[in-house]
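# Structural overview
Here is how the chains run, residue by residue.
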Number of protein chains: 2
Amino acid sequence: MACMSEQLDITFQALADPTRRAILSMLLEDDMAVTDVAEPFEMSLTAISKHLGILSRAGLISQERRGRVKWCKLEPDALRDASIWMQSFGQFEAVNLDAFEKFLAAELSGGDAALPNED
Amino acid sequence: MACMSEQLDITFQALADPTRRAILSMLLEDDMAVTDVAEPFEMSLTAISKHLGILSRAGLISQERRGRVKWCKLEPDALRDASIWMQSFGQFEAVNLDAFEKFLAAELSGGDAALPNED
DNA sequence: GGCATATTCAACCAAATGGTTGACGAATGA
DNA sequence: TCATTCGTCAACCATTTGGTTGAATATGCC
């Protein structure tokens, strides 16, 4: 667990800023150019560019330059380790990644039958 | 989602430090006094006391004074919102925040009966 | 070529962070 | 009572963070 310590530092640190989380949410919808990412925010393009750099170094997004525009793409896999780390704490009983996956599988195959006591 | 933004700031920020994550891991084993928490670290008691303050303000631990010793206790529920936020990304993709919330609701109300096909 | 667009770089700044030390208050126990 | 133990407070320090501005570097288009 200690070996991934530095990566966890970087991931959690990246997630600790509301602007960066908002950017991730935007990218959930679709890939975006840097300028378009910056548009809704009331801060300079440079600031957003820095935020994107941080997200990129954390592996939470990837950036690919095509022509003069740089496309930003969500990389959700990077959240996995952090997520798993969190699962190792208490609520493990309640929020169990594994159980959730089974739940999803059951729900996808069996429709709403997967919910035990829905009301 | 925006409403819990500030709490997420605090939670992720608290988790972004390796010392604090180590403390949480220690508390996973058992409740501990401040001095005992500090013992394995090569830093001052004051520094650890500050870390504990940060964890406490984030709701990740609680502290109860009994006599002259202050006991620290893990509060894993606080990880829940952050965990849910992270689940909305990840391999579950957009689909499944909704399914995940159903899953949580079902699991919380139904206890371990909520697991569709446990083996 | 020359201008507009997209993005980053460099330098700077204020505030927050993670640490230190020394003094302090409050409970314990000889 | 008096020394000891537990923990925090206050002040300080270096580094990092999150932002700014203005200049620079590509690239695309007429």
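Quick caveat, the model's predicted, so the values are computed rather than measured. (Residues numbered from 1 in each chain as written. Chains lettered and ligands numbered in written order. Predicted model: local features only at pLDDT ≥ 70, side-chain atom pairs only at ≥ 80, totals over all residues. Heavy atoms only, no water.)

Around DNA strand C, the structure places 22 residues, and the nearest of them are A:Thr35, A:Ser49, A:Lys70, B:Lys50 and B:His51. Backbone sugar and phosphate groups make up 59% of those atoms of DNA strand C lying within 4 Å of the protein. A:Thr46 places a side-chain nitrogen or oxygen 3.2 Å from a base nitrogen of DNA strand C. Within the side chain of B:Arg68, one N or O atom sits 3.4 Å away from a sugar or linking oxygen of DNA strand C. Every element with two or more residues in the surface near DNA strand C is listed here: helix H3 (34-38), helix H4 (45-57) and strand S3 (69-74) of chain A together with helix H4 (45-57) of chain B. Sorting elements by how many residues they give to the surface near DNA strand C places H4(B) first, with five residues. Class assignment for the residues of the surface near DNA strand C results in seven nonpolar, seven polar and eight charged. (Near = heavy atom within 4 Å. Polar contact = N/O pair within 3.5 Å; in protein donor to acceptor, adjacent residues only side chain to side chain. Helix = DSSP H or I, 4+ residues; strand = E, 2+ residues; numbered from the N terminus. Nonpolar A, V, L, I, M, F, W, Y, C, P; charged D, E, K, R; others polar.)

Per the stated rule, a full pass over the model turns up three aromatic pairs over all chains. A connected cluster of aromatic rings, assembled from ring pairs, spans A:Phe12, A:Trp85, B:Phe12 and B:Trp85. (Phe/Tyr/Trp six-rings, centres within 6.5 Å; stacked < 30°, edge-to-face > 60°.)

Glancing now at the sheet that holds strand S1 (residues 32-33) of chain B. Residues and elements named next belong to chain B. Strands sit in the order S1-S3-S2 across an open sheet of three strands; the sheet is antiparallel. For this open sheet the edge positions go to S1 and strand S2 (61-66), each flanked by a neighbour on one side alone. Bridge count for S2 against strand S3 (residues 69-74) is six bridges, and the pairing is antiparallel. Bridging from a neighbouring strand, Ser-62 pairs with Lys-73 of S3. (Pairing = 2+ DSSP bridges.)

Another point: the protein's contact with DNA strand D. Neighbouring residues of DNA strand D: 22 residues in total, closest A:Lys50, A:His51, B:Thr35, B:Ser49 and B:Lys70. Within 4 Å of the protein, the contacting atoms of DNA strand D are 67% sugar and phosphate, with bases supplying the remainder. Between DNA strand D and A:Lys50 there is a distance of 2.4 Å, counted from a base oxygen to a side-chain nitrogen or oxygen. The contact in question runs from a phosphate oxygen of DNA strand D to an N or O atom on the side chain of B:Lys70, over 2.6 Å. When contributions to the surface near DNA strand D are tallied by element, the ones reaching two or more residues are H4 of chain A together with helix H3 (34-38), H4 and S3 of chain B. Take the surface near DNA strand D: its biggest share by element is five residues, from H4(A). Taken together, the residues of the surface near DNA strand D sort by class into seven nonpolar, seven polar and eight charged.

Turning our attention to the sheet that holds strand S1 (residues 32-33) of chain A. All names here are of chain A. Pairing in this open sheet of three strands is antiparallel, and the strands run S1-S3-S2 from one edge to the other. Either end of the sheet is taken by a strand with one partner, and the two such strands are S1 and strand S2 (61-66). Sheet topology note: the S1/S3 ladder contains two bridges and is antiparallel. Residue pairing across strands places Ala-33 opposite Trp-71, the latter belonging to S3. Contacts between helix H2 (residues 18-29) and the sheet are confined to S1, S2 and S3, with S3 contributing the most and set at about 90° to the helix. Along the sheet, H4 makes contact with S2 and S3, crossing S2 at roughly 120°. (Contact = heavy atoms within 4.5 Å. Axes fitted to C-alpha atoms, helices over the stretch in contact; angles between N-to-C directions.)

Our focus in this paragraph is the packing of helix H2 (residues 18-29) of chain B against H4(B). Residue and element names in this part refer to chain B. One way to put it is that H2 packs onto H4 with a least axis distance of 10 Å and a crossing angle of 75°. Judged by the angle between their axes, H2 and H4 are roughly perpendicular. Listed contacts from H4 to Thr-19, Arg-20, Ile-23 and Leu-24 of H2 are Ile-48, His-51, Leu-52, Ile-54 and Leu-55. Among the residues making up the contact of H2 with H4, the classes are represented as six nonpolar, two polar and one charged. (Parallel < 35°, antiparallel > 145°, perpendicular 65-115°, else oblique.)

This paragraph deals with the environment of B:Ser25. Structurally, the position occupied by B:Ser25 is in helix H2. Sequence separation between B:Ser25 and B:Leu74 is 49 residues; the distance between their C-alpha atoms is 8.9 Å.

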